[in-house]
Amino acid sequence: MAEAHSAVAFSFTVTHEGWDVNFDREVLNLVWQSGLRSWKKRLARFQNSIHNGVYPGHLWTLWVLISITAGIHFSGFKVPYDLVTKIMPYMRGQSLMWQLVACGLVSLTIWLCIIFTLRYTLKLLLMYKGWMYEARGKNRQISRGTKLWLSVVKVLSGWNKPKLYSFQGSLPRLPLPSLHDTMTRYLRSVRPLLDDANYNRMVKLAADFENGIGIKLQRYLWLKSWWSTNYVSDWWEDYVYLRGRSPLMINSNFYGIDAILTYPTKIQAARAATAINSCLNYRRLVERQELEPILIQGLVPLCSWQYERIFNTARIPGAEIDRIQHWSDANHIVVYHKGRYFKVIIYKGRILRPSEIQVQIQQILDDKSQPLPGEEKLAALTAGDRVHWAHARRHFFSRGVNKLSLDTIEKAAFVVALDDVPYEYEPSQPDKLDRFGKILLHGKGYDRWFDKSFTLCVGSNGRLGFNSEHSWADAAVMAHLGEYLFLDDEFSGRYDENGNCIGKPEIEPPVPLRLQWEMKSECQTAINMAVTAAQKLIDDIDLRIYVHDHYGKGFVKTCKLSPDAYLQMALQLAYYRDAGKFSLTYEASMTRLFREGRTETVRPCTVESSAWVKAMEDKSFSTEERVKLLQVACMQHQIGYQDAMCGKGIDRHLFCLYVVSKYLEVDSPFLKEVLSEPWRLSTSQTPHGQTGRVDPREHPNCISAGGGFGPVADDGYGVSYIVAGEDIIFFHISHKKSSKQTDCHRFALNIERALADMKKLFEDYKMMNGTK
């Protein structure tokens, strides 16, 4: 074992002949390289901290200011208020050196004042969100105020290239909405879901809450909004994710799928090697902060704090609450193959190249050793009940060789699963893509380490994807990494004509090391219990990945509608036809315009959307009336989405009020009913184009097929979609087989029918207008 090897790398004994020193030069060299790398990283972090601390200013401007101040002083002119002369009596002398020190102190004071003025000016400017609500597009109309705002922001942030975290100190806090505004928005959002009697009852509950205990809860929340960086994010992470005791697999973790329209190589070891290398290069960009922050409209920054925990991170189980553990560095990954775990060193003076990593991966694939007792299905513990895993971890993995091996997995940069089955996609056989998605969502229930920030999964035929834990960050961050990885494969020329990694190894890569385990019968019993629980979840889930290639956002843009709003209306129509009623609908939006922002809920089921859906099902409505109702519904949805992004959402505010009520041990019938309402239609859009490396319109084949997640409600659907190009959209639809009300295959047909009806509606409308 590596640990045992390290332990005997250096020995010191005293004999009758004198001192006897033995050491292993290779191991000591590894120690030296590790320390050197650590100090390089510390220096880089220090330099980045200085850069970010003075952004949007430049550090070199301090030296320029000192030179100017000294030049003016020694020329006999008075620096503003003659500050140098005034502080000279406080110096130890009047010599040239002390005059230079005085010039430096004055310059530093002036420079800091300028820097902080710039930073807070930028922060005040970024608090303005009016630009979000103004028309966008080729013929957009922008107000004079917004034009002026854009110009000032561009001047302040455009003269210094930002690093990944440069804008963090300038991002505003998430604003706390007024209680009245949230109540008004909430009541409007539930109107299409309730009959008159239940709606009037809810109006009374809301009024009693707003005029009663809600006032007190709002005061406490107002204090938190000023005291904390973000009044939502810490509670959201704790109570929604880390305190959840149900299994992570399917219920919380999500998956991402390959760019299936390209096929760079069919060799598993080669594809795994390039993917690992790309992930490590991405990690280096994050650590050095060389990854450019995402800017909306090329100007307004999004919060980047979630990127810090992409790598070297694991969720540690607890009896009552889990915790997220992040390590500053890791020079290894862990690879799982056919029930065995291998530690793979990926750094030897530098990041190993793809051809070198391929050697390591091939060694694992060629290894014929058998799993140790309990090893094959060990990861089922991370898939099952959290309390069960916490107890097993404490009893069986807190000491000895099991603790060393568990630490190796949890402290790894990430985990790689080399599957022994192919990941397939055939347009003529859609069930193959469905199986592809299910393999990534849950696999066998024991071949993914569901606690790791992400597990990179590679099929036996060279296609890949990932399974990601959700508490540490949201899907957009993993989508960014996935996009970087897929584009690397497409444009970096990483494979030769045989499909192997290009180039020859320049160094001999470290040999992968088998992790060792000593699992007694009690431990194996605990693992088998977790396997049974995981298999029960797997047997109950079904997934359909619907590829809509009849048209995409190209046609939607000709309708002058937002593609997201258009697709959400299609989902409303599909659900109404599927269930015969409307349902509370969840759409995830981001609040990363604010510091440490995560997500907010958009409620696509609105008064306007329900009116349009009913009109589509009522033959008495004309084409023109239906189009106008759809336009109004899309406009309302867009406003709701913008409100959510700007901190004017409903659900995070109500959630935080509920948390405060629990701290105060106060019961609220209104909050209890609101937070118990099931999200039977839970939706999310996967973003793309975050790297800015290529134009998705010119290279649509490089876009991932998106990803998906399990349903939130037992009798509901989980729907994720990605607008992958001008003419293609992927829908990932999940449901539980135990529910008699839902069927993902039926729902996919309803989506197809809804999209077809909407296209025909606009074609008829355009034809009518063309004849007038």
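Since this is a predicted model, take the numbers as computed values, not measurements.

Judged by how many residues are buried, helix 15 (residues 400–410) sits mostly within the fold: eight of 11 residues are covered. Turning to helix 15, its buried residues number three or more, namely Val401, Asn402, Ser405, Leu406, Asp407, Thr408, Ile409 and Glu410.

Let us now look at the pairing of strand 7 (residues 323–326). Relative to strand 7, strand 6 (residues 313–316) runs antiparallel, the two sharing four bridges. Paired with Ile316 across the two strands is Arg323, which belongs to strand 7. Where strand 6 folds back onto strand 7 in an antiparallel hairpin, the turn is made up of six residues.

Further remarks concern empty space enclosed by the protein. To locate leftover empty space, one rolls a probe as large as a water molecule over the atoms. Taken as a whole and assessed by the stated rule, the structure comprises four cavities of 30 Å³ or more. Put simply, the largest cavity is a space of about 90 Å³. Taken together, 14 residues make up the lining of the largest cavity; nearest its centre are Leu174, Val232, Thr591, Thr599 and Arg652. Taken together, the elements giving at least two residues each to the lining of the largest cavity come down to strand 16 (599–602) and helix 23 (651–663). Along the lines of polarity and charge, the residues of the lining of the largest cavity split into four nonpolar, seven polar and three charged.

For Asp764, the position within the fold is in helix 25 (residues 744–771). A relative accessible area of 26% places Asp764 in the partly exposed class. Residues Asp764 and Leu164, spaced 600 residues apart in sequence, show a C-alpha to C-alpha distance of 48 Å.

On to the sheet that holds strand 19 (residues 717–723), then. Spatially, the six strands line up as an open sheet ordered 14-20-19-17-15-16, and their pairing is mixed. In the strand order of this sheet, the two ends are held by strand 14 (541–548) and strand 16, each with one partner. Averaged over neighbouring strand pairs, the angle between their axes works out to 20 degrees when direction is ignored.

So, on to the confidence of the model for the chain. Looking at the chain as a whole, its pLDDT mean stands at 90, while 93% of the residues score no less than 70. Residue range residues 1–10 is modelled with pLDDT below 50. Its contacts to residues more than four positions away, or to other chains, number 15 contacts.

Remark: helix 21 (residues 607–617) packs on helix 22 (residues 623–645), axes separated minimally by 8 Å, with the N-to-C direction vectors making an angle of 155 degrees. Judged by the inter-axis angle, helix 21 sits roughly antiparallel to helix 22. Viewed along their axes, helix 21 and helix 22 form a crossing whose handedness is left-handed. Counting all contacts with helix 21, which are made through Glu608, Ser609, Ala611, Trp612, Ala615 and Met616, the residues of helix 22 involved are Arg626, Leu629, Leu630, Val632, Ala633 and Gln636. Residue classes in the contact of helix 21 with helix 22 are distributed as eight nonpolar, two polar and two charged.

With that settled, consider the domain arrangement of the chain. It is common to report an interface's size as the accessible area lost on association of the parts. For the chain, the domain assignment lists domain 1 (1–54), domain 2 (59–129 + 143–159), domain 3 (179–239 + 549–688 + 700–769) and domain 4 (248–540). When each unit is reduced to the centre of its C-alpha atoms, the spacing between domain 3 and domain 4 is 32 Å. Buried surface at the junction of domain 3 and domain 4, both sides included, amounts to about 2700 Å², of which 57% is carbon and sulfur. Among the residues of domain 3 in contact with domain 4, Arg592, Arg598 and Cys702 are the three that bury the most area, contributing 27% of the side total. Along the contact surface separating domain 3 from domain 4 lie two salt bridges. With its nearest N and O atoms 2.8 Å apart, the salt bridge here joins Glu237 to Arg309. Taken together, the links from domain 3 to domain 4 amount to 16 residue pairs in polar contact (both at pLDDT 80 or more). Only helix 10 (233–242), strand 18 (707–708) and strand 20 (729–736) provide two or more residues apiece to the side of domain 3 that touches domain 4. When the residues that make up the side of domain 3 that touches domain 4 are grouped by side-chain class, the tally is 11 nonpolar, 14 polar and eight charged.

The rules behind the values
- Residues numbered from 1 in each chain as written.
- Predicted model: local features only at pLDDT ≥ 70, side-chain atom pairs only at ≥ 80, totals over all residues.
- Heavy atoms only, no water.
- Buried < 20%, exposed > 50% of the residue type's maximum accessible area, 1.4 Å probe, protein only.
- Helix = DSSP H or I, 4+ residues; strand = E, 2+ residues; numbered from the N terminus.
- Pairing = 2+ DSSP bridges.
- 1 Å grid on protein atoms, 1.4 Å probe; cavity = no way out; pocket = protein on both sides within 12 Å on 5 of 7 lines; lining within 4 Å.
- Points joined across faces, edges and corners; volume = space filled by probe spheres on them.
- Nonpolar A, V, L, I, M, F, W, Y, C, P; charged D, E, K, R; others polar.
- Axes fitted to C-alpha atoms, helices over the stretch in contact; angles between N-to-C directions.
- pLDDT = per-residue confidence, 0-100.
- Contact = heavy atoms within 4.5 Å.
- Parallel < 35°, antiparallel > 145°, perpendicular 65-115°, else oblique.
- Left-handed = near helix turned anticlockwise from the far one by under 90°.
- Domains from an automatic or database assignment.
- Buried area = accessible area lost by both parts, 1.4 Å probe.
- Salt bridge = Lys/Arg side-chain N within 4 Å of Asp/Glu carboxyl O.
- Polar contact = N/O pair within 3.5 Å; in protein donor to acceptor, adjacent residues only side chain to side chain.

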